[in-house]
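Coordinates in review
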Amino acid sequence: MSEFSSIDESELRARVRTLLDEVHPEKVDSQTFRAKQYEHGLALVQFPEGFGGLGLSPKMNYVVRDEILQHSKIFYDNPPASIIGIGMGMPVVLTYASDDQKRRWLPKIWSGEEIWCQMFSEPSAGSDVAGLSTRAVQDGQEWVVNGQKVWTTVAHLSKWGMLVARTNPDVPKHDGLSYFVVDMESPGVEVRPLYQITGEAEFNEVFFNDVRIPAENMLGKEGQGWRAAITTLMNERVAIGGAGSKKKGGGAISKLVDLWKERDPASASPAQNAILRDRMTHTWIEQELLRLTNARAAAAAKSGNPGPEGSVGKLFQAESAKRMWELAIDVLGNKGLAFEEGYELRQVAGMSEGTEAFAKYQFLRSRANSIEGGTSEIMKNILGERVLGLPGEPRVDKDVAWKDVPRS
Ligand SMILES: Cc1cc2nc3c(=O)[nH]c(=O)nc-3n(C[C@H](O)[C@H](O)[C@H](O)COP(=O)(O)OP(=O)(O)OC[C@H]3O[C@@H](n4cnc5c(N)ncnc54)[C@H](O)[C@@H]3O)c2cc1C
């Protein structure tokens, strides 16, 4: 018997049409439409009934998209500031939260009404995030948190944050962590912007000074936070690796092709032009490979906890994006060296696309691709150990109580 519900494609299309009769994207805003989409189980169809889905195969999400596009010129994609909430928050809530919490949090994440952020990294714990120091101490029905997080994307816009904190320093690092959902408006939470090389502050430092979290906001059990953290990180890799265009030749590579068409071939020698053309072709093929691999991975994906294969897309996406935007600067020739007037430091409402000076902006932004969501070196470690079965890295602190591990 199939693990999925028995609704077939024609019935699913009929359900989409019922939704469109009730609310039409051309007549309402994104939040209103997406809230109704969730109610109809047409948000993420692989989620269970009552929680934004219909218990179908994730492949069927394409059917929903297709049917909406057949009847509407507008398609409300995930709001840019909700990428973390939808890509990582929803699977972790689905897997670890109580039904009441799911009902409270999931619809508003999906609609974009409430933004979520991920508070894992700290100044001394990034790749080795299990070594983190932020402390949570129980006080009756609450946990009191002190410490600092860093690189927290969209914290300045967030209502809720996924927090991993140390609840027991006397056991090895992975065993002393717990996972909380924090109300970012709680007293004692302080968010300060951090500016990137692009001039934009997508991310922030977050300080916790005696922040009180209700005990029921712990996801999973005390000391089992690492399991929920892994669910979040695996989904993060799938979300980042799979974020590219769904259309052949679409998205970022189409911008590069436009640049190529607009450039002045006389600005380069025939030999340079031949090399650039070769790199263009190679890059187009790489992007197409990435698109097809992502489509296959999305079709095979299950909700909840994806496997280490998510790291393949993440690694390839990061390295390919860096190559692609380096090439864009070369295609621009001398013009690629000057940044447009108006470079300013500013906070952004989500992940900006920097449409002005697109290629130059993306060249700078893409440097972060091989760091965010785990560095390329760490992706290679995961692939080596968990996919290829190569011997693991030496882990000298594995059996040592966290408090006894020397740190600077
Ligand atoms: C744009 C952006 C957004 C981000 N958003 C968030 C967010 O929302 N929430 C959040 O919690 N974090 C976020 N991060 C943080 C990100 O997850 C970390 O920066 C990343 O995991 C690396 O950690 P680190 O910066 O501490 O570098 P380190 O871990 O100190 O690494 C430094 C260098 O050493 C290498 N290295 C480390 N360990 C190994 C090893 N075992 N083997 C081989 N090489 C190794 C790394 O690859 C890297 O080159 C974001 C980062 C960026 C750039």
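Definitions and limits used
- Residues numbered from 1 in each chain as written.
- Predicted model: local features only at pLDDT ≥ 70, side-chain atom pairs only at ≥ 80, totals over all residues.
- Heavy atoms only, no water.
- Domains from an automatic or database assignment.
- Contact = heavy atoms within 4.5 Å.
- Buried area = accessible area lost by both parts, 1.4 Å probe.
- Salt bridge = Lys/Arg side-chain N within 4 Å of Asp/Glu carboxyl O.
- Polar contact = N/O pair within 3.5 Å; in protein donor to acceptor, adjacent residues only side chain to side chain.
- Nonpolar A, V, L, I, M, F, W, Y, C, P; charged D, E, K, R; others polar.
- Helix = DSSP H or I, 4+ residues; strand = E, 2+ residues; numbered from the N terminus.

1. Thoughts on the domain arrangement of the protein
Segmentation of the protein into domains returns domain 1 (9-111), domain 2 (116-223) and domain 3 (231-387). Taking only C-alpha atoms into account, the centre of domain 2 sits 29 Å from that of domain 3. The interface is formed by 19 residues belonging to domain 2 together with 18 residues belonging to domain 3. Taking both sides of the interface into account, the surface hidden between domain 2 and domain 3 amounts to around 1600 Å²; carbon and sulfur atoms contribute 59%. When the area that domain 2 buries against domain 3 is broken down by residue, the three leading residues are Thr 198, Glu 200 and Glu 202, summing to 33%. Run the count over domain 2 and domain 3 and you get 1 salt bridge. There are 4 residue pairs in polar contact (both at pLDDT 80 or more) connecting domain 2 and domain 3. Across the side of domain 2 that touches domain 3, the residue classes tally to 9 nonpolar, 8 polar and 2 charged.

2. Examining the environment of Thr 167
By the secondary structure assignment, Thr 167 is in the loop between β4 (160-166) and β5 (177-183). Not counting the four nearest positions on each side in its chain, Thr 167 is found in contact with Arg 135, Ala 136, Trp 143, Gly 176, Leu 177, Ser 178, Phe 180, Glu 222 and Gly 223. Looking at Thr 167, its side chain comes within polar contact range of the side chain of Ser 178, at 2.7 Å.

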